[in-house]
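Structure at a glance
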Amino acid sequence: MKSDEESGGEEAEELDADSAEAQPAAADDEKKKKKSSKKKKRITANLSGTNYDSVREAVKLVGMAVRDSDPSCFLLWHDSCPATETFSSLKSYQRVNHFPATGEICRKDSLARNLVRMRKICGKDFNIFPKTWILPAEYNALVGYHLDCKKKGKAKFFIYKPPNSAQGKGIALTNQPQKLNEPEPLLVQEYMSRPFLLDGYKFDLRVYVLVLSFHPLRVFMHRDGLVRLSTELYKPPSTHNIDQLFMHLTNYSINKNNEDFEKSTDPDKGSKRSMKWFMEELRKEGHDVDKLWDGMADVVLKTLIANVPHQRHQCRLCFKSEENTGNCFEILGFDIFLDHKLRSNVIEVNRAPSFSCDQKIDSDVKMSVLTSALRLANMKYSDKAKREAVSRENTQQRLYKATKLAAVAASASASA
């Protein structure tokens, strides 16, 4: 696991230099040639697949030239994962901001299935997510668990949601899971009723993760993210407050509709705050922030490891060779829940995190995430010539082997 503050800045500085405004035209031809050469060597980006102004701004900040009508650009940016044909048609030097199969960890039921499988194999090392059931297949197991808890005098609450929903749609709480006997698929998780609170409010962390490779696994976690608070003071779930979603859910899409949702220009105030500020506050209170950060990194890595076999299989289907997965990188949004002991649990993973900037805190965090990711992707103008040369050499080697085999076969036939 690497920090986003590591290498990558040097290449970005070169790109920034290339994108600087040209000096006044000089009289001699030599300076004109240099100026023309610099323009030609700028990395280009096709942003026709994005609706985010922040993405366009970030691309320009790292020195790229936007060419929305050019399919041969170095960078092809898509807000959502593009079709399989996009991956298979990539030229050797091109990069796209998605991998073919990260939906396997970003769809809620698939993520749960992979993590449950790893928990069965690795035991408590994969206790990084709440108890989970996928309905209707695991309905009987869910009801059985609920009855066992009741016999022991433990009141359990559950949170359920559609497996392929977003923005908090369809999420609710229940203490009667036996009523969830419906044919529609549902993901049900045991409600973690002892959260770490911030000013008396429940919250989660949006952690931004950059994946550069699955084979080998190369991952960067951004040092800043978003702390997203609920908008009603927290009380443990009960039959009296089970429907108070502004208390129990931390989804921004839900809480922004509450009149008590607070916007602020400061990173330490409001219903959405800076993760960097939060970590500093914890440090001041005497908490072991390094341990917390390591725990979050552990959760991120194990979640991604659970997806590696499926990811490699899909990449082999999309690309001619596994080496071509270097054409991909991806920014993922991990939603991390902290319990009362500051232990990290992954709630879900978003393969298309929003880069809308409704508040100053959004702009500060997300612009840093985007520019860091583009620099760490380390696209160079020289990649085009180098990779095309390698591609030609591989083609020549295949033709040489084919010609040699044909000659051997002909010789054998003549001898016979």
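Residues numbered from 1 in each chain as written. Predicted model: local features only at pLDDT ≥ 70, side-chain atom pairs only at ≥ 80, totals over all residues. Heavy atoms only, no water.

**Examining the confidence of the model for the protein chain**
- Across the protein chain, the average pLDDT comes to 87, with 84% of residues at or above 70.
- Looking over the protein chain, one finds the lowest element-wise mean pLDDT in helix 1 (residues 9–19), namely 34, and the highest in strand 12 (residues 226–229), namely 98.
- Residue range residues 3–27 is modelled with pLDDT below 50. Its contacts to residues more than four positions away, or to other chains, number 36 contacts. (pLDDT = per-residue confidence, 0-100. Helix = DSSP H or I, 4+ residues; strand = E, 2+ residues; numbered from the N terminus. Contact = heavy atoms within 4.5 Å.)

**Examining the packing of aromatic side chains**
- One pass over the structure, following the stated rule, counts ten aromatic pairs.
- With 6.4 Å between their ring centres and 90° between their planes, Phe 196 and Phe 203 make a pair best called edge-to-face. The same class applies to Phe 196 as to Phe 203, namely buried.
- Pairing Phe 203 with Phe 278 gives two aromatic rings, centres 5.2 Å apart and planes at 70°, and the pair type is edge-to-face. (Phe/Tyr/Trp six-rings, centres within 6.5 Å; stacked < 30°, edge-to-face > 60°. Buried < 20%, exposed > 50% of the residue type's maximum accessible area, 1.4 Å probe, protein only.)

**Let's talk about the sheet that holds strand 6 (residues 132–135)**
- An order of 6-9-7-8 is seen for the four strands of this open sheet, with the pairing classed as antiparallel. Each having just a single partner strand, strand 6 and strand 8 (172–174) make up the two edges of the open sheet. For this sheet, the mean angle separating the axes of adjacent strands, direction not counted, is 25°.
- As defined by bridge partners, strand 7 (residues 158–161) adjoins strand 9 (residues 186–190) across four bridges and the pair is classed as antiparallel. Directly across from Lys 161, in strand 9, lies its bridge partner Leu 187.
- Helix 6 (residues 108–122) rests against strand 6, strand 7 and strand 9 of the sheet, and its axis sits at about 130° to strand 6.
- Sheet contacts for helix 7 (residues 139–151): strand 6, strand 7 and strand 9; angle to strand 6, the most-contacted strand, approximately 140°. (Pairing = 2+ DSSP bridges. Axes fitted to C-alpha atoms, helices over the stretch in contact; angles between N-to-C directions.)

**Some details on the environment of Asn 114**
- Secondary-structure assignment places Asn 114 in helix 6.
- Residue classification places Asn 114 among the buried residues on the basis of a relative accessible area of 7%.
- Sequence-wise, Asn 114 and Thr 303 are 189 residues apart; in three dimensions their C-alpha atoms are separated by 8.4 Å.
- One polar contact links Asn 114 to Arg 117, side chain to side chain, over a distance of 3.3 Å. (Polar contact = N/O pair within 3.5 Å; in protein donor to acceptor, adjacent residues only side chain to side chain.)

**What to know about the pairing of strand 9**
- The element strand 9 is largely enclosed, with a buried count of five among its five residues.
- Of the two faces of strand 9, the one holding Leu 186, Val 188 and Glu 190 and the one holding Leu 187 and Gln 189 are both buried throughout.
- Two elements, strand 6 and strand 9, share four bridges in a ladder whose sense is antiparallel. Residue pairing for strand 9: Leu 135 is matched across the bridge by Leu 186.

**Observations regarding the pattern of salt bridges**
- One pass over the structure, following the stated rule, counts 19 salt bridges.
- Note that Lys 156 and Glu 190 form a salt bridge whose closest N and O atoms lie 2.7 Å from each other. Placement of the pair is Lys 156 in the loop between helix 7 and strand 7 and Glu 190 in strand 9, with a sequence separation of 34 residues.
- The class of Glu 190 is buried, set by a relative accessible area of 13%.
- One salt bridge connects Lys 366 with Asp 362, and the closest N-O pair in it is separated by 3.6 Å. Of this pair, Lys 366 and Asp 362 both sit in helix 13 (residues 360–377), four residues apart, which is roughly one turn of that helix.
- Residue class for Lys 366 comes out buried when judged on its relative accessible area of 5%.
- Residues joined in a network through salt bridges with shared partners are Asp 204, Arg 206, Arg 228 and Asp 335. (Salt bridge = Lys/Arg side-chain N within 4 Å of Asp/Glu carboxyl O.)

**Quick notes on the sheet that holds strand 2 (residues 44–49)**
- Strand order in the open sheet made by the four strands is 3-2-4-5, with parallel pairing throughout. Of all strands in the sheet, those bounded by a partner on one side alone are strand 3 (65–66) and strand 5 (95–96).
- The strands touched by helix 3 (residues 53–61) within the sheet are strand 2, strand 3 and strand 4 (75–78), with strand 2 carrying the most contacts at an inclination of about 180°.

**Some details on unusual backbone geometry**
- Residue Leu 135 is joined to Pro 136 through a cis peptide bond whose omega torsion reads 10°.
- Within the secondary structure layout, Pro 136 lies in the loop between strand 6 and helix 7.
- The omega torsion of the bond from His 215 to Pro 216 falls at 0°, within 30 degrees of zero and hence cis.
- If you trace the backbone, Pro 216 turns up in the loop between strand 10 (203–214) and strand 11 (217–221).
- Of note in the backbone geometry, Asp 199 takes a positive phi value of approximately 55° without being a glycine.
- Checked against the element boundaries, Asp 199 lands in the loop between strand 9 and strand 10.
- Of the residues examined, Asp 199 reaches a relative accessible area of 53% and is grouped as exposed.
- In the Ramachandran plot, Leu 342 falls in the positive-phi region, its phi being about 60° despite a non-glycine side chain.

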